[in-house]
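Chain residues, written in single-letter form:
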Amino acid sequence: MADSKIKTIGVLTSGGDAPGMNAAIRAVVRKSIANGMTVKGIQRGYSGLLNEEIIEMDKRSVSDIIQRGGTILGTARCEEMRTEEGQKKAADICRRHGIDGLVVIGGDGSYRGALALSHLGINAVGLPGTIDLDIACTDYTIGFDTAINTAMQAIDKVRDTSSSHERCSIIEVMGRNAGYIALWCGIANGAEDILLPEKYDYDEQKIVDNIINNRKHGKRHHIIINAEGIGHSTSMARRIEAATGIETRATILGYMQRGGSPTCKDRFYGSLMGAYAADILAAGKNNRVVAFKNGEVTDFDIEEALAMQKSIPEYQYEVSRILSR
C-alpha cells in the first residue's frame with residue numbers, strides 16, 4: 001500500500017464525543033503509518049481545521065489513550081462548515097498542509113462536511129462515532145456500548161432507592177431523536193414503561209393506569225425509561241404524581257453517558273473501524289462511510305449512507321412491551 005496516491009491523511013473528531021473515539025484515532029494513526037502514510041491530527045473538529053489547529057502525529061502520539069474516554073483531539077460544533085465558503089476554506093487548508101485524505105469520526109452531521117470535502121478533491125472517509133446508534137448504514141456505532149452500560153448501572157442504582165421508598169421513577173437517557181439507548185436500557189433494566197420517540201403516542205393516561213394497576217398487584221416501584229427525544233421528565237413526574245398519588249421523581253442522566261473508560265466492545269470496534277478507514281484511504285477510495293454490517297466491517301458511499309432510514313426493530317419493541325408487563 002506504500003505506492004498509494006494518498007501520502008498524508010488528517011484525522012478529526014466532530015460533533016458529540018463518544019467513548020471509543022480514542023481507540024479509533026489510535027488505529028487510524030498506527031495503521032496509516034504502517035501503510036506508509038504521514039498522519040496529521042486536527043484538533044477541535046472542523047472548527048480546528050478552519051483555524052489550522054493541525055499537529056503532526058506518530059505512533060507515540062497515540063500511546064496510552066485506548067482506555068481513555070472522550071477524544072484526545074477535542075471536538076466542537078462548527079456552523080461555518082455548513083456553508084459553501086467554509087467548506088472551500090477547509091479544502092484549501094487541507095491542501096496547504098498536504099492533507100489529501102481525511103478521516104472524520106462522528107455522526108451524520110459530520111459526514112455532510114466529509115461529503116463536501118470529497119467533492120472538493122479531499123478524499124474523505126467517515127467513521128460512526130456516536131452513542132446514539134442512529135446511523136442507518138451501520139449496525140453499530142462507536143460509543144454506544146459504553147453509554148448503555150453507564151446508563152444501565154445508573155438505572156440499577158435508582159431502582160434500589162425507588163423500591164425502598166415505593167416510588168415511581170422517570171429516568172431520562174440520551175439519544176437525541178433516537179430511542180435505542182432507551183430501548184436497550186428498558187429491556188436490560190426491566191423497566192415497567194419505555195418511552196421511545198419512534199413509538200410514543202403521548203397518552204400519559206396509559207402510563208398512569210399501568211402504575212395504578214401494578215401497585216394494586218403489589219408492585220413496590222415503577223421504572224419509566226424516557227428517551228431524550230421526548231424529554232420533559234420533570235414536568236411529567238409532577239403530572240404522574242398528581243394523577244396517581246404516588247411519589248414520583250425524575251432523574252436525567254445527561255452527559256455522564258458520554259464519559260468514562262470505553263468498554264472492550266467500543267475499544268475493539270473503534271480499533272477495527274479505524275484501521276479499515278486507513279486501509280480504504282490507502283487504496284484510493286473516497287466519499288465513504290465505514291460501517292459494521294451483518295458481522296463484517298464494510299463501507300458505503302456517503303450520500304447513500306445519508307439517504308438510508310433507520311427504525312426501531314419491531315420485534316425488539318414487542319419484546320420490551322411483553323417483558324415489562
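Quick caveat, the model's predicted, so the values are computed rather than measured. (Residues numbered from 1 in each chain as written. Predicted model: local features only at pLDDT ≥ 70, side-chain atom pairs only at ≥ 80, totals over all residues. Heavy atoms only, no water.)

Participant: I'd like a rundown of the overall build of the chain, residues and numbers included.
Facilitator: Scanning the chain from N- to C-terminus turns up 11 helices and 11 strands. Taking the principal axes of the C-alpha coordinates as reference, the chain spans close to 70 × 40 × 35 Å. Within the span of the chain, comprising 325 residues, buried residues form 55% of the whole. Taking all contacts inside the chain whose residues are at least 6 apart in sequence as the whole, residues at least 24 apart take part in 74%. Here the chain displays about 14000 Å² of accessible surface, and carbon together with sulfur accounts for 48% of that area. Across the chain, the mean location of the 39 positive side-chain charges is 3 Å away from that of the 41 negative side-chain charges. (Helix = DSSP H or I, 4+ residues; strand = E, 2+ residues; numbered from the N terminus. Buried < 20%, exposed > 50% of the residue type's maximum accessible area, 1.4 Å probe, protein only. Contact = heavy atoms within 4.5 Å. Areas by Shrake-Rupley, 256 points an atom, 1.4 Å probe, with all protein chains shown as cover. Lys, Arg positive; Asp, Glu negative; His and termini not counted. Charge placed at Lys NZ, Arg CZ, Asp CG, Glu CD.)

Participant: Quick one: what's the story with the packing of helix H7 (residues 204-216) against helix H8 (residues 233-244), residue by residue and with numbers?
Facilitator: Following both chains from N to C, one finds H7 and H8 inclined at 55°, their axes separated by 10 Å at the closest point. Judged by the angle between their axes, H7 and H8 are oblique. Taken as a pair, H7 and H8 cross one another with a handedness that is right-handed. In this structure, H7 contributes Glu204, Ile207, Val208, Ile211 and Ile212 to the contact, and H8 contributes Met236, Arg239, Ile240, Ala243 and Thr244. (Axes fitted to C-alpha atoms, helices over the stretch in contact; angles between N-to-C directions. Parallel < 35°, antiparallel > 145°, perpendicular 65-115°, else oblique. Left-handed = near helix turned anticlockwise from the far one by under 90°.)

Participant: I'd love a proper account of the sheet that holds strand S1 (residues 8-13), names of residues and values included.
Facilitator: Reading across the sheet, the 7 strands line up as S3-S2-S1-S4-S5-S10-S11 and stay open at both edges, with mixed pairing between neighbours. With one partner strand each, in any of the chains shown, strand S3 (54-57) and strand S11 (296-301) form the two edges of the open sheet. Shown here is a sheet whose adjacent strand axes are inclined to one another by a mean of 30°, direction ignored. In terms of strand pairing, strand S10 (residues 288-293) meets S11 through 6 bridges, oriented antiparallel. Looking across to S11, one finds that phenylalanine 292 is bridged to valine 297. (Pairing = 2+ DSSP bridges.)

Participant: Requested: an account of the pattern of salt bridges, with residues and values cited.
Facilitator: Counted by the stated rule, this structure contains 22 salt bridges. Residue glutamate 192 pairs with lysine 219 through a salt bridge whose shortest N-O separation is 2.9 Å. Placement of the pair is glutamate 192 in the loop between helix H6 (180-188) and strand S7 (193-195) and lysine 219 in the loop between H7 and strand S8 (222-227), with a sequence separation of 27 residues. For lysine 219, a relative accessible area of 32% gives the class partly exposed. Between aspartate 299 and arginine 288 there is a salt bridge, with the nearest N and O atoms lying 2.7 Å from each other. Taken together, the positions of aspartate 299 in strand S11 and arginine 288 in strand S10 put the pair 11 residues apart, joining distant regions of the chain. For the pair formed by aspartate 299 and arginine 288, the shared burial category is buried. Where salt bridges share partners, they join Asp108, Asp132, Asp134 and Arg176 into one cluster. (Salt bridge = Lys/Arg side-chain N within 4 Å of Asp/Glu carboxyl O.)

Participant: Outline H7, listing residues and values.
Facilitator: Spanning 13 residues, H7 covers 19 Å between terminal C-alpha atoms, matching the ideal 18 Å at 1.5 Å per step. Every buried residue belonging to H7 is among Glu204, Ile207, Val208, Ile211 and Asn214, and all of these are buried. Seen from one end, H7 has its buried residues packed into an arc of 135°, which puts them on one side. Residues of H7 that are exposed and point over 90 degrees away from its buried face: Lys206 and Lys216. Buried residues along H7 sit against strand S6 (168-173), S7, S8 and H8. Looking one or two places after H7, you find glycine 218, whose phi comes out positive at around 90°. (Expected span 1.5 Å × (residues − 1). Arc of directions from axis to C-beta.)

By themselves, these figures tell us nothing about what the structure is for.
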